[in-house]
Amino acid sequence: MSKRFLLDRRTVLRGMLAGAGVAVGLPTLEAMFASDRAAYAAGPKVRYLAWFFGNGVLPDEWDPTMEGPGWTSPLTQALDLDPEVKKYVSILTGFNSKINQKISHHEGMSIFNGYPFEYESGLSSYAGGPTLDQVIADKLAGQTTVHSLQLGVSRKLSYMDGGTTMHNLSHKSAGQAGALSPQFNPQSVFNSLFGNFMPEFDADGPLRVSVLDAVSESTKRLEKRLGKLDKERLDAHLTAISQLQTKIAAAPPSCTVPDPTEETNPESGAEHIDQTIDAMHELIVYAWSCDLTRAVSLMVHGGAAATAFTNIGHSEEHHMDNSHQQLPNWKENMRDVVGWHMGKLQKLLARLHETQDGSGGNLLDNSMVFVASDCSVGMTHSVDDQPMLVCGGGGGQLLTPGTHYHSTTGENPTDVLLTMLQCIDPAATSVGGAETASSTPCTNIKKG
Amino acid sequence: MQRFLGALLALSVGAGGAACTGDVGDPETDDPSGPGGPSGTSGEPPIEELIEPAPAGVRKLTGPQYVNSVRVLLGAAAGAEAASRVAVADPPFDAPLDAFDAIGAAHLSLTPAAVEQLEGFARSIATVVKNEPGKLQSLVPCAPTGPNDAACHRQFVERFGRLAFRRPLTDEEVTAYAGVAQAAATHAEIQSFDEGTYYALSALLQAPDFLYIVELGDAGGAEDPARRRLTSLELGTRMSFFVLQQTPDAATLDRIEADGLDTPEKVRALAEELVARPEARPALANHFAEVYRLRELRTDVSKDPAKFPQWNHDLAVSMEEEMLRLIEDVVWTRNGDARDIFDADYTYVNEALASIYALPAPDSAWEKVQLPASQGRGGFLGSAAFAARLSSGTRTSPTRRGLFVQTSLLCGDIPPPPPGVITKLPEDDPGKPMTLKEKLAAHQQDPTCANCHKLMDPIGFAFEKIDPIGAFRTTDNGQAIDSSTSVDGLGEFDSPATLGAILRELPRAQRCTIQQLYRQSMGHLEKPGEGPAIDQIEEAYAASGYNLQTLIVDIASSPAFSLVGEPK
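Fair warning: this is a prediction, and the values are worked out from it, not measured in the lab.

## Comments concerning the overall build of chain A
Summing up its helical and strand segments, chain A has 12 helices and 12 strands in all. The C-alpha radius of gyration of chain A comes to 21 Å, within 12% of the 22 Å expected for a compact globule of 448 residues. Taken along its principal axes, the extent of the C-alpha atoms in chain A is 60 × 55 × 50 Å. Here chain A, with 448 residues, has 62% of them falling under the buried criterion. Sequence-distant contacts, at least 24 apart, represent 72% of the contacts inside chain A between residues at least 6 apart.

Dropping the structure here:
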C-alpha cells in the first residue's frame with residue numbers, strides 16, 4: 001500500500017497522509033459536479049443503507065411492549081447504549097408480508113424490494129424486481145462518483161439455496177441477470193473506493209479511460225448480435241464500464257480518507273466476522289462522509305446461511321442449530337447472535353452520529369439505515385412480523401425521537417420502503433410490484 | 001426465466017413445489033427421451049434432427065478458464081499472476097447457478113465491482129508481461145521503428161487479438177485497439193512503443209470478446225434460426241473450453257481455420273486429441289471438485305474445535321486431494337470403469353487421513369490403501385470428504401447427505417418445505433438419549449415433512465457410522481447406531497459401500513454423471529429437447545464400459561454440442 005502514500009502532491013488526500021483514520025468529516029469545500037451543487041441547494045443529501053441479518057429473531061423479545069417513543073426491548077437493548085443515538089431509531093412491528101408463494105427464507109427477502117421472487121425450482125429463485133438501494137442509486141445517478149456499494153460480512157452463505165435471492169441483498173432488476181453480488185473483502189472495497197484517486201502517473205487515468213472506450217465499443221458491437229438476456233447482461237457490463245470511467249476521471253473528494261484497512265476477510269479458516277463488519281462499517285462512514293455514494297447494502301450474514309458465530313463462542317451453524325432450534329440452548333444462542341448484531345449496529349449509528357456531514361448536520365441526521373431479516377421466526381420461516389428498524393433522520397424527514405409503531409392490521413412492510421424512498425424522491429408514488437407492491441407510505445415514522 | 005425441466009423429468013419426485021409423491025428412481029420413468037430415442041436405428045431420423053438445441057449466447061469465462069487462457073496466451077508468469085488474483089477475487093470471480101459456475105457464467109451479469117476488478121486484473125497481468133524480459137516484445141511480430149509505428153501496433157493487435165478473441169479481428173477492431181496503443185505510445189509523458197503495446201494488451205484482456213465465449217452460430221447460413229450450427233472456430237473454442245478449460249492455442253486455431261470442423265469425423269478427431277492432452281486432467285478434476293463439492297472443504301467447512309480437534313485446513317485439503325487422486329486413478333491411470341468412483345474398495349491416504357480412517361500411517365506422503373471392510377466405506381460415498389462437507393460443525397446431517405445423493409448423484413430435485421412447517425426436532429431428554437436417526441424419525445411421522453424427507457433422511461441414515469469429519473463410529477449420543485435403511489427405488493442398504501454398489505447398477509446414477517458433465521460443458525441445464533442427444537450419449541457411455549474419457553469425447557462430438565437455437 002505504501003505506493004499510495006507517495007502521492008503527497010495530491011493535497012486533497014492530506015487526510016490520508018496525516019494517517020488520520022479519524023472520524024472527522026470535513027465540509028465539502030468545493031462541489032465536484034454541477035449536479036452536486038444543485039443537490040446541495042436542494043437540501044441534505046440523504047443516504048440509504050440496507051442492513052440485513054438472516055434467520056430472524058425471537059419476536060417475543062424483539063417486539064417492544066410499549067408503543068411510541070422511548071421504546072425498548074430485550075433483544076434490542078444494545079441500541080440503548082447512547083440515548084442520543086437511540087433517538088434516531090424507530091421499530092416497526094405487526095407488519096405482515098403480502099407475498100403469496102413461500103418456499104422458506106426467499107419470501108422474506110421481498111422486504112427489501114417489495115416484489116415477490118421469481119420462482120425457478122426446488123430452493124432456487126431470483127429477485128422479482130430492483131431492491132430499494134438500487135431504485136435510490138438509479139434515482140441519484142450522476143450525483144456521486146460511485147453508483148452504489150454491495151457489501152457482505154460472512155462469506156458462508158446458504159448451502160441449500162440456489163438461484164440468486166439468498167446470496168445477494170441487492171438486485172438492479174428482476175431475474176438472474178439483475179443480481180449484484182456483494183464484496184466481502186474490506187481491503188478491496190477500500191481500493192475500489194479510494195484507489196482510483198491515486199493514479200500511478202498523471203497520464204495513466206486518461207489512458208485507462210481510452211482503453212475502456214475501446215472495450216465499450218467492442219461490447220456494443222457484440223451486444224447487437226445477442227438475445228434479450230445476454231443484451232441485459234452486456235448492458236450491465238457497459239454501465240459498469242461507464243461507471244468505472246467516471247471513477248477514474250473524478251477529482252478526489254475533499255474529505256478525510258481513512259487509513260487503508262488491513263482486513264481482507266480471508267476465505268479459509270475461522271471467519272473474521274468482528275473485524276470485517278467493523279471495517280465495512282468504517283468504509284460506509286467514509287464513503288458517505290466523502291459523498292462517494294449514497295446507496296449501500298450490507299449483508300451481515302445470510303438467510304439459511306452456514307455462518308457459525310465463532311467470534312462469540314458459538315461453534316454451531318446459527319441457521320440450523322439456533323434458528324431451527326436444534327440445540328437445547330438455542331434460545332440463549334439466538335439472544336447472543338441478535339444481541340451481537342444490535343451491538344454492531346449501535347456502533348455504526350454512533351459513528352454516523354459523530355461524523356459531521358458537509359450538507360449539514362451529522363451523517364445520521366441524513367441517513368436511513370433499514371434493518372431487517374428474512375423471517376420473524378426461523379423455525380417456521382414466518383414472514384408475519386418480520387423484524388424492522390428504520391434508523392436515522394432521513395434528512396430531517398423521519399421522526400426523532402424514533403418511535404415504536406405497531407400495526408394492528410398487519411400492514412404491508414413495503415409501505416416502509418415507500419416512506420424511505422419518498423425521503424429521497426418526494427415524487428415517488430409506489431414501490432415494488434404484484435401483491436407485495438405499496439402505494440401507501442407508512443406515515444407513522446415520518447415527521448408530520 | 002426459462003424453466004429447465006430436464007432434471008425434473010428425469011425424476012418422478014414431483015415438480016414446481018408439488019408434494020413429494022412417487023418413488024425415487026423408478027426405472028420406468030427414468031428416461032426423459034423425446035420421440036425417437038437413441039439414433040442409429042434404421043428408419044429413424046438422425047439425432048441431429050430430433051433435438052431442439054439450447055439457445056445461442058455468450059458465457060463469461062469461469063475463473064479456471066480465465067487463468068488457464070491467460071497462461072496459454074501469455075505464459076507461466078502471466079498465468080500465475082492471473083491465478084493469484086482470481087484466488088482472492090472480490091467479488092468472487094465465479095458465482096454458481098444451479099450448482100455450476102459455468103451456468104452462472106452463462107446467465108448472471110458482471111457487477112460494476114467485478115468489471116472494475118477485471119480491469120485491474122488485465123492491467124496487472126499486462127504489467128507482469130511488460131516486466132518479463134523480452135516477453136512483451138515477443139508478442140509483436142515486427143520490429144517497431146519508434147513509438148509512432150502504427151503499422152507495427154496493428155500487427156500486434158491482429159496477431160494477439162486473434163488468439164485472445166479466438167477469431168480474426170475485423171478491421172474496425174484492429175483500428176480501435178491499435179489506436180489505444182498509439183495514443184499511449186505517442187503520449188508526451190510516455191513516448192514508448194512498448195508502453196503502447198502494454199495498454200493495448202490490457203485492453204484486449206478486458207474486451208468482451210476475450211472475457212465471454214461467444215457461441216452464436218451461423219445465423220446467416222441457417223435455414224431455421226432456431227437451429228444454427230456453431231462456426232468451426234466457435235465449436236473448436238467450445239470444445240477446448242470444455243475438455244481443457246482453456247482457450248484454444250495458436251496451433252489449434254490454425255488447424256481449425258485451415259481444415260474446418262465441418263464433419264462429424266473432424267469433430268471427433270479433435271475431441272480425441274484434446275482429451276489426450278495433459279490439461280484434460282486438471283479440467284476434469286475441476287469438474288469433480290465442483291460437483292462433489294470438494295473445493296468447498298477448504299473454504300466453507302469448519303468444525304467445532306472442541307469436538308474435532310483434528311480438523312484443520314491441511315486435513316480439509318487432504319480430503320479433497322484424496323478424492324482427486326482416486327478419480328485420477330480410475331479415469332486416467334487405469335482408464336477404467338467410472339462407476340468405481342462410487343464404490344472403490346481402495347483409496348489414497350496421507351498421514352492425517354490414515355488417522356481419520358484408523359489405518360496405519362503410510363510410508364510415503366501418499367499411499368494407495370485398501371479400505372477396512374468393517375467400516376462399510378467405498379469410493380467417494382465412503383470418503384471423509386463426503387462426510388465432512390455434508391455435516392454441520394458439530395453433527396452429521398442425514399438430511400444433507402441424502403439431499404446431496406438425490407440432487408448431485410441422481411440429478412433429482414427436492415421441493416421446498418411447505419410454508420409454516422415446524423422444522424424443529426425433538427429436544428434432548430437427559431433421561432432418554434436418542435440418536436440423530438431416532439430424532440429425525442419425526443420427519444417421517446409428520447406427513448407434511450415425510451413426503452420429501454423420506455427422499456433424503458433415509459439415504460443419509462446409511463452414512464451415520466461416518467462422523468462429521470469422516471471418522472468411523474458405532475455410537476451416537478451414547479446409543480448404538482443402526483445404519484440400516486430402505487429407500488423406495490433404491491432398495492435396502494446400510495453403509496456407503498452398499499449404497500455405492502446400488503448406484504453402480506442404477507441407470508439413473510450413470511445418466512446423472514452424464515448430465516452433470518453436460519451441464520458444465522455448455523453452461524445450461526439440459527432441456528427436454530436435448531433428451532435424444534443425451535440418450536445417445538448414455539447408450540455410448542454404457543457401451544464403453546462407463547469410460548469417462550470416452551464420455552468427454554462423446555459429449556463434445558454430440559450434435560447437441562455443435563448446434564444452438566436462437567440467442568437467449
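## Re the environment of glycine 336 of chain B
You can see glycine 336 of chain B is positioned in the loop between α17 (313–333) and α18 (340–343). C-alpha separation for the pair glycine 336 of chain B and proline 91 of chain B, spaced 245 residues apart in sequence, amounts to 39 Å.

## Concerning the nonpolar core
Ile125, Val180 and Ala200 of chain B are the most contacted members of the largest nonpolar core, which totals 287 residues. Ignoring anything within four residues of it in the chain, the contact list for isoleucine 125 of chain B reads Val70, Leu74, Ala78, Glu81, Ala82 and Leu205 of chain B.

## Things to note about helix α9 (residues 171–185) of chain B
Compared with the 21 Å implied by 1.5 Å per residue over 15 residues, the 20 Å span of α9 of chain B between its first and last C-alpha is a close match. Burial within α9 of chain B is extensive, with 11 of its 15 residues counted as buried. Within α9 of chain B, the full set of buried residues consists of Glu173, Ala176, Tyr177, Ala178, Gly179, Val180, Ala181, Gln182, Ala183, Ala184 and Ala185 of chain B. Buried positions along α9 of chain B lie against α7 (204–223) of chain A together with α8 (150–165) and α10 (193–204) of chain B.

## Things to note about the interface of chain B and chain A
In this complex, chain B contributes 68 residues to the contact, which on the side of chain A involves 68 residues. In terms of residue count, the dominant contributor to the side of chain B that touches chain A is α9 of chain B (6 residues). Partitioning the side of chain B that touches chain A into residue classes produces 34 nonpolar, 17 polar and 17 charged.

## Some points on the confidence of the model for chain A
Counting all residues, the mean pLDDT for chain A is 89, and 91% of those residues have values of 70 or more. Per-residue pLDDT stays below 50 along residues 1–40 of chain A; that stretch engages in 58 contacts with residues further than four places along the chain or on separate chains.

## Let's talk about helix α5 (residues 132–139) of chain A
Residues and elements named next belong to chain A. Extensive coverage of α5 is indicated by the burial of 6 of its 8 residues. Looking only at α5, the buried set comprises Leu132, Asp133, Gln134, Val135, Ile136 and Ala137. On its buried side, α5 packs onto β1 (47–53), β7 (170–171), β9 (295–301) and α12 (414–424).

## Some words on the pairing of β1 of chain A
Residues and elements named next belong to chain A. Buried residues dominate β1, accounting for 7 of its 7 residues. Burial of the side chains of β1 extends over both faces: Arg47, Leu49, Trp51 and Phe53 are buried on one face and Tyr48, Ala50 and Phe52 on the other. Where β1 meets strand β10 (residues 367–372), 6 bridges bridge the pair, whose relative direction is parallel. Note on β10: the bridge partner recorded for leucine 49 is valine 369. Bridge count between β1 and β9: 6 bridges; the pairing is parallel. Across the sheet, the residue bridging to tryptophan 51 is leucine 298, located in β9.

## Some remarks on the packing of helix α12 (residues 232–243) of chain B against helix α13 (residues 250–259) of chain B
Residue and element names in this part refer to chain B. At their nearest, the axes of α12 and α13 sit 9 Å apart, and the two run at 145° to each other. Handedness of the crossing formed by α12 with α13: right-handed. Within the contact between the two elements, α12 uses Ser232, Leu233, Gly236 and Ser240 and α13 uses Thr252, Ile256 and Glu257.

## Section: the confidence of the model for chain B
All names here are of chain B. Summing up the model confidence of chain B, the mean pLDDT is 90 and the portion of residues at 70 or higher is 90%. The model gives residues 1–19 a pLDDT under 50, and that stretch makes 53 contacts with residues more than four places away or in other chains. Of the regions scoring below 50 in pLDDT, residues 21–41 engages in 55 contacts with residues more than four places distant in sequence or in other chains. Across the whole predicted complex the pTM is 0.91, and at the interface the ipTM reaches 0.90.

## A closer look at unusual backbone geometry
The step from threonine 400 of chain A to proline 401 of chain A runs through a cis peptide bond, and the omega angle for that step is -5°. Structurally, proline 401 of chain A is set in the loop between β11 (388–391) and β12 (404–406). In this structure, histidine 105 of chain A is a non-glycine residue whose phi angle is positive, near 70°. With respect to the secondary-structure elements, histidine 105 of chain A resides in the loop between β2 (89–93) and β3 (118–121). Even without being glycine, tyrosine 546 of chain B reaches a positive phi, approximately 60°. Structurally, tyrosine 546 of chain B is set in the loop between α27 (531–543) and α28 (548–557).

## Some remarks on the packing of helix α14 (residues 264–275) of chain B against α28 of chain B
All names here are of chain B. With their axes 9 Å apart at the nearest point, α14 and α28 run at an angle of 145° to one another. With respect to the hand of their crossing, α14 and α28 are arranged in right-handed fashion. Here α14 contributes Pro264, Val267, Arg268, Ala271, Glu272 and Val275 to the contact with α28, which in turn contributes Gln549, Ile552, Val553, Ala556 and Ser557. Residue composition of the contact of α14 with α28, grouped by class: 7 nonpolar, 2 polar and 2 charged.

## Details of the sheet that holds strand β5 (residues 149–152) of chain A
Residue and element names in this part refer to chain A. Strand order in the open sheet formed by 7 strands is β5-β9-β1-β10-β11-β2-β12, and the pairing between neighbours is mixed. Both outer strands of the open sheet, β5 and β12, are each paired with one neighbouring strand and no more. The sheet shows a mean angle of 15° between the axes of neighbouring strands, taken without regard to direction. The pairing of β2 with β11 spans 4 bridges and is classified as antiparallel. In the sheet register, isoleucine 91 faces β11, and the bridge partner there is leucine 389. With respect to the sheet, helix α9 (residues 273–289) is in contact with β1, β5 and β9, its orientation differing from that of β9 by roughly 175°.

Rules of the game
- Residues numbered from 1 in each chain as written.
- Chains lettered and ligands numbered in written order.
- Predicted model: local features only at pLDDT ≥ 70, side-chain atom pairs only at ≥ 80, totals over all residues.
- Helix = DSSP H or I, 4+ residues; strand = E, 2+ residues; numbered from the N terminus.
- Rg over C-alpha atoms; globule rule 2.2 N^0.38 Å.
- Buried ≥ 20, exposed ≤ 12 C-beta atoms within 10 Å, placed from the backbone.
- Contact = placed C-beta atoms within 7 Å.
- Core = buried A, V, L, I, M, F, W, Y, C linked by C-beta atoms within 7 Å.
- Expected span 1.5 Å × (residues − 1).
- Nonpolar A, V, L, I, M, F, W, Y, C, P; charged D, E, K, R; others polar.
- pLDDT = per-residue confidence, 0-100.
- Pairing = 2+ DSSP bridges.
- Axes fitted to C-alpha atoms, helices over the stretch in contact; angles between N-to-C directions.
- Left-handed = near helix turned anticlockwise from the far one by under 90°.

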